[in-house]
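# Residue-level structure breakdown
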Amino acid sequence: MISSLIWWAVVGLIAGWAAGRIMKGGGYGVVMDIVLGILGAVVGGWLMSVFGIHAGGFVTTILVAIVGAVFLIWITRLLKKA
């Protein structure tokens, strides 16, 4: 149980930080990076399943989470402009 929470926190932190850098964000802080990365993992997993891509492993999980987090940041910025 605890190891799963630590796993998701690490994946979330790495993915949220990377997505912020990719999208040239001003930094979201540790907690928001973790939240963004975890939500990105969920959204990225859904996006990958839509395209029929299935993979596992630590690096792949982080890449999928980064894709999802970048997508979430992009959608958020689009909604702010509207």
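Read on for a plain summary of the structure. Only a predicted model underlies this, so the values are computations on that prediction, with no experimental measurement involved. (Residues numbered from 1 in each chain as written. Predicted model: local features only at pLDDT ≥ 70, side-chain atom pairs only at ≥ 80, totals over all residues. Heavy atoms only, no water.)

Let's shift gears to the overall build of the protein. Helix and strand content of the protein: three helices and zero strands. For the protein, the N- to C-terminal ordering of α and β elements is α-α-α. Along the first, second and third principal axes, the C-alpha atoms of the protein reach 40 × 30 × 20 Å. Per-residue burial for the protein yields a buried fraction of 33% across its 82 residues. Put simply, the protein shows about 5400 Å² of open surface, and 77% of that area lies on carbon and sulfur atoms. (Helix = DSSP H or I, 4+ residues; strand = E, 2+ residues; numbered from the N terminus. Buried < 20%, exposed > 50% of the residue type's maximum accessible area, 1.4 Å probe, protein only. Areas by Shrake-Rupley, 256 points an atom, 1.4 Å probe, with all protein chains shown as cover.)

It is worth spelling out helix H2 (residues 30-50) at this point. Over its 21 residues, H2 extends 30 Å from the first C-alpha to the last, a length consistent with the 30 Å expected when each residue adds 1.5 Å. Of the positions making up H2, those classed as buried are Asp33, Leu36, Gly37, Gly40, Ala41, Val43, Gly44, Leu47 and Met48. Those residues of H2 that are buried are in contact with helix H1 (2-22) and helix H3 (58-81). Positive backbone phi, at 75°, marks glycine 52, one or two positions downstream of H2. (Expected span 1.5 Å × (residues − 1). Contact = heavy atoms within 4.5 Å.)

Where H1 meets H2, the closest approach of the two axes is 6 Å, and the angle between their N-to-C directions is 100°. As the angle between them shows, H1 and H2 are arranged roughly perpendicular. Between H1 and H2, the residues in contact are Trp8, Ala9, Gly12, Leu13, Ala15, Gly16 and Trp17 and Val30, Asp33, Ile34, Leu36, Gly37, Ile38 and Ala41, respectively. Considered class by class, the residues forming the contact of H1 with H2 number 10 nonpolar, three polar and one charged. (Axes fitted to C-alpha atoms, helices over the stretch in contact; angles between N-to-C directions. Parallel < 35°, antiparallel > 145°, perpendicular 65-115°, else oblique. Nonpolar A, V, L, I, M, F, W, Y, C, P; charged D, E, K, R; others polar.)

Residue position: glycine 12 is located in helix H1. With 22 residues separating them along the chain, glycine 12 and isoleucine 34 place their C-alpha atoms 4.1 Å apart. If we skip the residues at most four places from it in the chain, glycine 12 touches Asp33, Ile34, Gly37 and Ile38.

Now for the nonpolar core. The biggest cluster of nonpolar side chains holds 13 residues, and the ones touching the most others in it are Ala19, Ala65, Ile66, Val70 and Ile73. For this core, the secondary structure elements donating two or more residues are H1, H2 and H3. When residues of this core are assigned to their parent elements, the largest contribution, six residues, is made by H3. Beyond its immediate sequence surroundings of up to four residues, isoleucine 66 is in contact with Ala15, Ala18, Ala19 and Ile22. (Core = buried A, V, L, I, M, F, W, Y, C linked by side-chain atoms within 4.5 Å.)

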